[in-house]
Amino acid sequence: MTYNHEEKDILYPDGTLMYRGGVKKNDFGHDVYDGKGTLFDQEGELLFEGEFVNHMKQGNGIMYLKGQMIYQGEFIQNKKQGNGILYKDGQVYYEGHFRNDLMEGYGILYYEEDVIAPFKESREQYPHLNQQQYEGDFVHGMKKGKGKQYYPSGFFQYEGDFIWNHMQGAGKLYYAPESPSTEELAKGVTSLQYEGYFFEDMKHGKGKNYSRQGELVSEGQFKEDAMTGHGTLYYDNGQASYIGDLVNGEKHGRGDYFNEEGKIIYSGEFINGERLRITPEIEREIEKLQKQLDGLVGLPNAKKELHNLINFIKIQSLRVDHGLTSFPITYHLVFSGNPGTGKTTVARIIGQIYKHLGVLSSGHFVETDRAGLVAGYVGQTALKVQEVVNKAKGGVLFIDEAYSLINDKKDAFGKEAIDSLLKAMEDLRDDLVIIVAGYTELMEEFLLANPGFKSRFNHFVQFDNFSTDELYDIFAMLCKNNDYQYGDVFAHHMKEQLLQIPVESIPNFSNGRYIRNIFEKLVTIQSNRLIQQKSITREELMEFTEKDILLGVAEHLFDNTF
């Protein structure tokens with residue numbers, strides 16, 4: 001059906017002009033806007049002028065609000081769609097593409113006049129600085145996709161990815177001009193500040209920071225605008241000054257510090273931008289641990305080796321204080337000797353001393369053996385080793401009976417464990433100490449058969465069997481620590497029995513474990529004796545008597561090595 005168009009005025013109920021322009025009759029005989037026309041509000045203010053189709057804005061038109069133009073461009077079915085311009089306070093705010101009433105597609109966003117007013121003079125003097133706020137992609141009325149953004153001064157600010165109005169994704173950020181040079185004014189861009197990844201307008205992810213002079217300052221992981229994670233800091237000459245962990249832009253955690261010639265000065269722990277120094281407080285903690293070590297019975301080799309390491313680390317720290325390079329060494333150790341000679345106890349103390357000296361970040365102790373490292377299926381051993389290593393990172397991994405890792409040349413699972421440990425020693429060489437322990441002869445054979453493994457160890461400590469006098473001292477210490485006591489007669493019998501033990505000739509003598517078993521058996525004998533009494537005094541609960549030890553001798557207590 002064809003309708004005849006005519007120019008017509010349509011009024012509000014109160015007689016005020018609502019519409020003037022082309023109209024046609026619809027199927028019900030009512031007038032509908034169709035063609036060019038103008039809409040007014042009830043106060044007579046202009047609302048819209050442009051093209052209509054079937055009572056809807058369609059085609060080109062201009063929208064007004066309280067007499068001011070707010071949009072000029074294309075419409076489809078009453079919605080801004082196609083190319084158009086948005087106005088704010090009489091000034092162009094946006095020009096570009098629209099879809100469903102929203103900015104969508106490519107467009108340009110402009111600053112408001114009051115924002116750029118402080119830079120009016122330079123913008124007029126250098127026309128290329130008369131820049132928009134943003135040009136690029138929009139989705140649902142917000143910056144999303146690729147785009148370029150400018151400072152209110154007109155200087156280039158950012159180019160890269162945007163998501164929902166934020167710099168987000170990969171991009172480049174340029175310095176805000178402070179006192180721009182003539183060259184910078186002529187170019188309209190200052191130097192690159194940052195290149196990398198962003199999240200919600202902040203540096204976040206992998207990136208590089210530059211100085212205003214264009215020199216690389218740092219690169220690595222960023223979080224919420226600051227370097228946090230693993231990264232590298234640089235001197236002005238481009239040489240790395242630090243490689244390691246950072247928190248909020250400061251050296252914090254494990255790292256290596258270099259001089260300007262590229263020589264490593266210090267490798268270890270950093271706290272709040274400073275390397276860990278042996279302060280009086282730390283010195284007191286180290287002294288406590290040294291006393292704890294020195295208080296152990298016997299172990300001359302272990303005590304000497306650890307004192308040597310402590311002295312070495314302290315001197316290297318002093319060298320760094322004077323700008324000299326520190327000599328890097330490996331801190332992994334081999335403990336050889338029979339069971340019960342104090343290897344585990346010493347390893348625990350070493351971890352804590354290494355922590356205070358900055359060699360390790362936490363110094364905690366993780367003990368394992370073949371069963372804890374080797375799996376029964378191909379490919380599972382590496383995962384098992386990785387799990388144990390992750391637990392031990394920052395501390396000491398103590399592998400007891402390490403020679404059992406490889407039973408023979410055909411032991412593929414054991415070889416996989418060794419290979420995985422070698423990789424861990426390389427990957428975590430700055431924050432993991434491995435101590436392998438076991439019988440002397442078997443450990444020698446094990447290291448000879450694995451040259452790659454042996455090359456990672458520089459310190460070998462022999463734990464000799466305790467002498468009979470040392471075994472007695474250990475027994476006396478066990479009694480003191482557990483609130484037991486005895487007289488001279490008991491002591492005479494104890495020494496006499498221990499002197500009869502052929503410590504050196506007993507294969508795999510269990511040393512400290514042996515004397516602990518003696519102690520525990522005597523506690524049991526004493527308990528059996530006391531339980532027969534009707535009343536028991538505090539002193540009797542604490543005392544070993546001659547009767548206890550003679551009963552132990554009668555039961556061949558000292559003839560077993562347990």
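Everything numeric in this text was worked out from a predicted model, so none of it was measured. (Residues numbered from 1 in each chain as written. Predicted model: local features only at pLDDT ≥ 70, side-chain atom pairs only at ≥ 80, totals over all residues. Heavy atoms only, no water.)

> So what's going on with the overall build of the chain? Residues and values would help.
Scanning the chain for helices and strands turns up 16 helices and 28 strands. If you line up the chain on its principal axes, its C-alpha atoms span 130 × 65 × 55 Å. Counting over 562 residues, the chain shows a buried share of 45%. Contacts in the chain between residues at least 24 apart in sequence constitute 43% of all its contacts with a sequence separation of at least 6. Accessible surface for the chain amounts to roughly 30000 Å². Of this, 50% is attributable to carbon and sulfur atoms. Considering the chain, the positive charge centre built from 59 side chains and the negative charge centre built from 83 side chains are found 2 Å apart. (Helix = DSSP H or I, 4+ residues; strand = E, 2+ residues; numbered from the N terminus. Buried < 20%, exposed > 50% of the residue type's maximum accessible area, 1.4 Å probe, protein only. Contact = heavy atoms within 4.5 Å. Areas by Shrake-Rupley, 256 points an atom, 1.4 Å probe, with all protein chains shown as cover. Lys, Arg positive; Asp, Glu negative; His and termini not counted. Charge placed at Lys NZ, Arg CZ, Asp CG, Glu CD.)

> Give me the lowdown on the nonpolar core, citing residues and values where you can.
The biggest cluster of nonpolar side chains holds 97 residues, and the ones touching the most others in it are F335, Y354, F475, M494, L498, L522 and F544. Sorting elements by how many residues they give to this core places helix α14 (residues 512-530) first, with 7 residues. In this structure, Y354 is in contact with L309, I313, Y331, L333, V359, L360 and V433, ignoring residues within four places of it in sequence. Judged by nonpolar contacts, the second largest core, of 29 residues, contains V388, A392, L405 and F457. (Core = buried A, V, L, I, M, F, W, Y, C linked by side-chain atoms within 4.5 Å.)

> Quick rundown of the pairing of strand β9 (residues 102-109)? Include the residues and the values.
Sheet analysis places strand β8 (residues 91-99) next to β9, joined by 5 bridges and oriented antiparallel. Along β9, the bridge assignment pairs G96 with G107. Connecting the antiparallel pair β8 and β9 is a turn made up of 2 residues, with N100 showing a positive phi of about 50 degrees. Summarising the sheet, β9 and strand β10 (residues 134-139) pair through 5 bridges and their orientation is antiparallel. Paired with G105 across the strands is F138, a residue of β10. (Pairing = 2+ DSSP bridges.)

> How would you summarise unusual backbone geometry if you had to cite specific residues and measurements?
Residues other than glycine seldom take positive phi values, yet N54 does so here, at roughly 50 degrees. In this structure, N54 sits in the loop between β4 (46-53) and β5 (56-65). The phi dihedral of L299 is positive, around 60 degrees, even though this residue is not glycine.

> Outline α14, listing residues and values.
Taking 1.5 Å per residue, 19 residues should reach 27 Å; α14 reaches 27 Å between its end C-alpha atoms and fits that length. For α14, the full list of buried residues reads G512, Y514, I515, I518, F519, L522, V523, I525, Q526, R529 and L530. Each element contacted by the buried residues of α14 is listed here: α12 (468-481), α13 (488-499), α15 (538-542), β28 (543-544) and α16 (546-554). (Expected span 1.5 Å × (residues − 1).)

> Describe the pairing of strand β26 (residues 459-463), naming the residues involved and giving the relevant values.
Only one face of β26 is covered, namely the face carrying H459, V461 and F463; the face carrying F460 and Q462 is uncovered. With 5 bridges joining them, strand β22 (residues 333-337) and β26 adopt parallel strand pairing. For F335, the partnering residue across the bridge sits in β26 and is V461.

> Any details on the pattern of salt bridges? Residues and values, ideally.
Oppositely charged side chains can form a pair if their charged atoms are brought close together. For the structure shown, the criterion picks out 14 salt bridges. The salt bridge involving K146 is made with D161; its shortest N-O contact spans 2.7 Å. With K146 in strand β11 (residues 142-150) and D161 in strand β12 (residues 156-163), this pair connects stretches of sequence that are 15 residues apart. According to the relative accessible area criterion, D161 is buried, its value standing at 18%. We note a salt bridge from D419 to K415, for which the minimum N-O separation is 3.0 Å. Of this pair, D419 and K415 are both found in helix α9 (residues 412-427), 4 residues apart, which corresponds to roughly one turn of the helix. (Salt bridge = Lys/Arg side-chain N within 4 Å of Asp/Glu carboxyl O.)

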